[in-house]
Amino acid sequence: MIEIIPAIDLLGGKCVRLEQGDYRLRKVYEKDPLDAARRFEDGGLRRLHLVDLDGAREKHVVNWKALERIAGRTSLVIDFGGGIKQEEDLRIVFASGAAMAVVGTMAAADFNLFRSWLKVFGSDRLILAADVKEGKIAVNGWTQTTGLDLVDFLAGCIGEGVSQVMCTDISRDGMLGGPAVNLYVSLLHHFPNLRLIASGGVSSVEDIERLQESGIPAVVIGKALYENKIKISELKRFM
């Protein structure tokens, strides 16, 4: 059964969604992200993907107070990403109630540092963010595209102990055009033991069914929930 992970993106303390990671193309859905988190919990969901968009832009964790509030007032298992650039950021995130941290930029920019984090915190607490633009890894809140090939990048990280990867096709994120199923199937062909979390483009229950039928372990859903393209009640079949 595929795991459903709703997303909350934080910008200025509010719950927003961007299109293709563009900060200029934002829409506010909740002034208080705790309201969204409680709605997910009340609907029977157990996980939450919390993204610090301010942190990604400022290059350090910013919205840890929102994380602390949600962790303290819900029972959701939270993974938190955005702005994690040093070990202190990780310690803040975990102290604020996150069960897992999502790290992308630093794995690409300073692999030795990322490898040390894997040793200190363990691969069960770190999710690698593989954000992809035309087959290459993007970093710093998707504002820069590197020359790193996706499969080569993952192979190196998995070789060092990474077991969970959240892969986002940036071109699809926030566009409600359907997920990159073929990309995810290809990645599982290369790395069959990987816990792969699909992210970006999910617009319907049928999209989730396609991912499940393709053997994808987990999926992040954002804009489709806020735009009522998918109702929380429709997700019960996957719980």
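Residues numbered from 1 in each chain as written. Predicted model: local features only at pLDDT ≥ 70, side-chain atom pairs only at ≥ 80, totals over all residues. Heavy atoms only, no water.

Q: How should the overall build of the chain be read in this particular structure?
A: Per the secondary structure count, the chain includes 10 helices and 12 strands. Scaling as 2.2 N^0.38, a compact globule of 239 residues should have a C-alpha radius of gyration of about 18 Å, and the chain matches this with 16 Å. Taken across its 239 residues, the chain has 55% of its residues classed as buried. In the chain, 66% of the contacts between residues at least 6 apart in sequence involve partners at least 24 apart. Total accessible area computed for the chain in this model is approximately 10,200 Å², and 46% of it derives from carbon and sulfur atoms. Both charge centroids of the chain, one from 30 positive and one from 32 negative side chains, sit 3 Å from each other. (Helix = DSSP H or I, 4+ residues; strand = E, 2+ residues; numbered from the N terminus. Rg over C-alpha atoms; globule rule 2.2 N^0.38 Å. Buried < 20%, exposed > 50% of the residue type's maximum accessible area, 1.4 Å probe, protein only. Contact = heavy atoms within 4.5 Å. Areas by Shrake-Rupley, 256 points an atom, 1.4 Å probe, with all protein chains shown as cover. Lys, Arg positive; Asp, Glu negative; His and termini not counted. Charge placed at Lys NZ, Arg CZ, Asp CG, Glu CD.)

Q: Help me understand the packing of aromatic side chains, please; the structure alone is not making it clear to me.
A: How two aromatic rings sit relative to each other is set out by the distance from centre to centre and by the angle between their planes. For the structure shown, the criterion picks out four aromatic pairs. Both rings, one in Y29 and one in Y226, keep their centres 5.1 Å apart while their planes meet at 25 degrees; by these two values the pair is stacked. With a gap of 197 residues between them, Y29 in strand β3 (residues 22-30) and Y226 in helix α10 (residues 223-226) connect regions that are remote in the sequence. With relative accessibility at 19%, the residue Y29 sits in the buried group. (Phe/Tyr/Trp six-rings, centres within 6.5 Å; stacked < 30°, edge-to-face > 60°.)

Q: Sorry if this is basic, but what is going on with the packing of helix α7 (residues 150-159) against helix α8 (residues 181-190) here?
A: Working note: a packed helix pair is described by the angle between its axes plus the distance between those axes. Packing of α7 against α8 brings their axes to within 11 Å, and their N-to-C directions diverge by 40 degrees. The angle between α7 and α8 places the two elements in the oblique class. Between α7 and α8 lies a crossing whose hand is right-handed. Residue-level inspection shows L150, V151 and L154 of α7 in contact with α8, the latter providing L183, L187 and H190. Residue composition of the contact of α7 with α8, by class: five nonpolar, one polar and no charged. (Axes fitted to C-alpha atoms, helices over the stretch in contact; angles between N-to-C directions. Parallel < 35°, antiparallel > 145°, perpendicular 65-115°, else oblique. Left-handed = near helix turned anticlockwise from the far one by under 90°. Nonpolar A, V, L, I, M, F, W, Y, C, P; charged D, E, K, R; others polar.)

Q: Would you explain the pattern of salt bridges in this entry?
A: It is possible for side chains bearing opposite charge to pair when their charged atoms get close. Applying the stated rule across the entire model yields 12 salt bridges. Among the salt bridges present, the one from D9 reaches R17, with a minimum N-O distance of 2.8 Å. You can call D9 buried: its relative accessible area is 8%. Here R17 falls in the buried class, since its relative accessible area comes to 8%. When the shortest N-O distance is used, the salt bridge between D207 and R210 registers 3.6 Å. Of this pair, D207 and R210 are both found in helix α9 (residues 205-213), three residues apart, which corresponds to roughly one turn of the helix. (Salt bridge = Lys/Arg side-chain N within 4 Å of Asp/Glu carboxyl O.)

Q: For this particular structure, what's the right way to read the pairing of strand β9 (residues 144-149)?
A: Strand residues, when the strand is regular, have side chains that alternate between the two faces of the sheet. By the bridge criterion, three bridges tie strand β8 (residues 136-139) to β9 in an arrangement that is antiparallel. Counterpart to K136 in the pairing with β9 is D149. What sits between β8 and β9 in their antiparallel hairpin is a turn of four residues, with N140 showing a positive phi close to 55 degrees. (Pairing = 2+ DSSP bridges.)

Q: Can you help me understand the nonpolar core in this one?
A: The nonpolar side chains of a soluble globular protein tend to be buried, and buried together. Within the largest apolar cluster, 69 residues are counted, with the highest numbers of intra-cluster contacts made by I8, I208 and I221. I208 has contacts with I2, I4, V202, V219, I221, I230, L235 and F238, leaving out every residue within four places of it along the chain. Judged by nonpolar contacts, the second largest core, of 10 residues, contains M100, I127, I197 and A218. (Core = buried A, V, L, I, M, F, W, Y, C linked by side-chain atoms within 4.5 Å.)

Q: Explain the packing of helix α4 (residues 87-95) against helix α6 (residues 111-121) to me, please; I cannot follow it from the model alone.
A: Where α4 meets α6, the closest approach of the two axes is 11 Å, and the angle between their N-to-C directions is 35 degrees. In the crossing of α4 with α6, the sense of the turn from one axis to the other is right-handed. For the pair α4 and α6, the contacting residues are E87, L90, R91 and F94 in the first and W117, V120 and F121 in the second. Of the residues that constitute the contact of α4 with α6, the class distribution is five nonpolar, no polar and two charged.

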